[in-house]
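Tertiary structure, described
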Amino acid sequence: MQQFTLKSHDNVEKICSHFHLFDYVHHQKESISKDQWNKLVTAGIYLPVIPKSHNGLESKADLTMMINRAAYHNLGLAMSLIVSTLLFADNVIEYGSQDLKNEVIHDLLNNNGQGGIAIIEPKAGSGLSLMQTVAEKVDGGFRIRGSKHWQCFSRHADWWLITAKNKDQPVAAGAFGFYIHKNQEGGFRTVETYASKGLHQIDFGANKLDVFIPEYRRLNLSGTGIPQIYQLVIPTWQQFASLGKGFLSRIYEESEKYVSSRASPDGHLKDIDFVRYRLGNIAACRTICEALFNYVLNSFSTYPKGKREIFPAQCIKVMASDAMLTGAMHYQTICGANGYRYAADNNIAAIAADDAQAFVMLSFPNDVLSLYLAKEFLHKTEVEKNKSFWTLINESGYTHAAAIHLEDLRNELNYCPSGNLELVLSGKILTRIFAITALKAYSPSNQVDQEKISSALLYCVNEIKMTLSERSISKQISKSIL
Ligand SMILES: Cc1cc2nc3c(=O)[nH]c(=O)nc-3n(C[C@H](O)[C@H](O)[C@H](O)COP(=O)(O)OP(=O)(O)OC[C@H]3O[C@@H](n4cnc5c(N)ncnc54)[C@H](O)[C@@H]3O)c2cc1C
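Model, not experiment: these values are computed from the prediction. (Residues numbered from 1 in each chain as written. Predicted model: local features only at pLDDT ≥ 70, side-chain atom pairs only at ≥ 80, totals over all residues. Heavy atoms only, no water.)

A look at the UniProt feature "domain: Acyl-CoA dehydrogenase/oxidase N-terminal" (unreviewed entry) in the protein chain
We apply this condition: UniProt positions are given in the numbering used here, feature names are shortened, and annotations may be inferred rather than shown by experiment. Helix and strand assignments follow DSSP, with helices taken as H or I runs no shorter than four residues and strands as E runs no shorter than two, numbered in order from the N terminus.
Under the local residue numbering, the UniProt record ascribes the feature "domain: Acyl-CoA dehydrogenase/oxidase N-terminal" (unreviewed entry) to residues 28–110. For the annotated span residues 28–110, helix accounts for 70% and strand for 0% of the residues, and the straight-line distance between the end C-alpha atoms is 29 Å.

Observations regarding the domain arrangement of the protein chain
Inclusion rule: An automatic or database domain assignment supplies the residue ranges for each domain. Working rule for contacts: check all heavy atoms of both residues, and any pair within 4.5 Å makes them a contact. Throughout, the accessible surface (probe 1.4 Å) given up by two parts as they are put together, summed over both, is called the buried area. Within this document, salt bridges are pairs made up of a side-chain nitrogen of Lys or Arg and a carboxyl oxygen of Asp or Glu, the two lying within 4 Å of each other. Pairs of N or O atoms within 3.5 Å make up the polar contacts considered here, provided that, within protein, one atom can donate a hydrogen while the other can accept it, and that residues adjacent in sequence are counted only when both atoms are side-chain atoms. Residues are sorted three ways: Asp, Glu, Lys and Arg are charged, Ala, Val, Leu, Ile, Met, Phe, Trp, Tyr, Cys and Pro are nonpolar, and all the rest, Gly among them, are polar.
Here the protein chain is described as being made up of domain 1 (6–114), domain 2 (116–223) and domain 3 (239–473). Once you take the C-alpha centre of each, domain 2 and domain 3 turn out to be 32 Å apart. On the side of domain 3, 10 residues touch domain 2, which itself brings 7 residues to the contact. Both sides together, the interface formed by domain 2 and domain 3 hides about 680 Å², and carbon and sulfur atoms give 67% of it. Among the residues of domain 2 in contact with domain 3, Ser-126, Lys-197 and Leu-199 are the three that bury the most area, contributing 71% of the side total. Our count for the contact surface shared by domain 2 and domain 3 stands at 1 salt bridge. Put simply, Asp-354 and Lys-197 hold a salt bridge, and the shortest N to O gap is 3.9 Å. Counting across the domain 2 and domain 3 interface gives 2 residue pairs in polar contact (both at pLDDT 80 or more). When the residues that make up the side of domain 2 that touches domain 3 are grouped by side-chain class, the tally is 3 nonpolar, 3 polar and 1 charged.

Some remarks on the pattern of salt bridges
Where we set the bar: Throughout, exposure labels follow a simple rule: accessible area from a 1.4 Å probe, protein chains only, divided by the maximum for the residue type, with under 20% read as buried, over 50% as exposed, and the rest as partly exposed.
For the coordinates displayed, the defined rule picks out 22 salt bridges. Between Glu-407 and Arg-410 there is a salt bridge, with the nearest N and O atoms lying 3.0 Å from each other. Glu-407 gets classed as partly exposed once you look at its relative accessible area, which sits at 38%. Accessibility expressed as a relative area gives 38% for Arg-410, which makes it partly exposed. Note that Glu-463 and Arg-432 form a salt bridge whose closest N and O atoms lie 2.7 Å from each other. In this pair, Glu-463 is assigned in helix α14 (residues 450–479) and Arg-432 in helix α13 (residues 419–445), connecting sequence segments 31 residues apart.

Quick look at the structure:
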């Protein structure tokens, strides 16, 4: 298998040379201006997802490197790139008609267009079956009416990928449809602007829709429902490894700098054992994301085009976003009161914690994904209904390499997960087990410092122990709710 290195992606350097302009040090609460976006497009942010036939780079590895570099400077910048390149452009390229692809690619590259995705609704969040926006067949296309909210670029996107429930359409159209709308053509209105806690580079709001979509702008992705919506998001979940690696590299650097210069009666904060322990936790979170990043570069890039595998992507999303938030919270604690104010001259902790918090929630909440990935894991092995969680962990290609690190927990893992409580917690455990598998693959292939790997493994095993302990008390605690 080819091992990717930073050096093999020199073409990304030109694009990334613009990212320092958005760095947390001087760009915390400002949105990205139109002029700045134009410069980013001119620098080539779309090229990694554009096919070679359209003079693009068509390289997921380049995209992965680019997002990692953006996240080092600013998570809002990185999220802007993900939304426009992966969630919008990449899905049009994967599922659009040739006419649609030509139209969209031309507009994104020549008019510096920006694309967004509209899935979530005020009255139907991650419970997608409650979606109320509907698409009806009309002469020459479709009419879509409904409401959406929390969309990245609510007021400013030039293009929208809209998901809607299909109404009065043939069965072959599927339960949900995916439609591309050009904002200039009207009907997508922002009726309220949201004051978000973080990710200030992006505008959010509530949107009302009454739009006409010509036939050729419907995506060729249909099926029985929610799994199709997940297909749109899987490449984005993979990129949480890049977000985590870039962001936590920065958080570790900043933490190191802070504790090395802040005086304490013992010398500096860095000389205090518990501060070093917090720093060690940040380093462990960073190492885990590095291992996931390595997995994305070396495993997903060998997948045949179009293959979007859900289980590893969900594990990466949950594990990386939890690690980002944990790392950001340790950093904020290390910075004391100064970490609790924006634009302090010696740290970026307040804005980093606000930004990191969004990722455990957006692109479907981690609790919901943990539930689904546990179901997916058990479903894949449904034939062996009587096998315990421990047996299945030992048998799955995604988890068996980690089992040797969990021998001490084999009795506690010897249960058959069922019910919402147990499935959510078991899903969380699976994300940590998947991380152990990724760490083991990362260790020999990159001559990585073994101390780093050992700490990260300990961190994952400890999180599994804590989650098992939660399992034993969760029913009791829930009982206290009337
Ligand atoms: C910064 C940001 C950017 C976003 N960008 C976009 C975008 O570009 N496009 C878009 O369409 N949407 C976007 N969203 C919306 C986002 O995807 C949703 O907020 C998210 O999917 C959760 O939906 P919800 O807020 O309705 O929460 P709900 O679905 O109401 O869930 C709330 C909480 O309830 C719990 N919960 C719910 N169901 C279960 C379950 N079955 N088991 C266990 N626990 C459960 C979880 O703890 C969950 O966190 C964005 C959101 C944010 C914050």
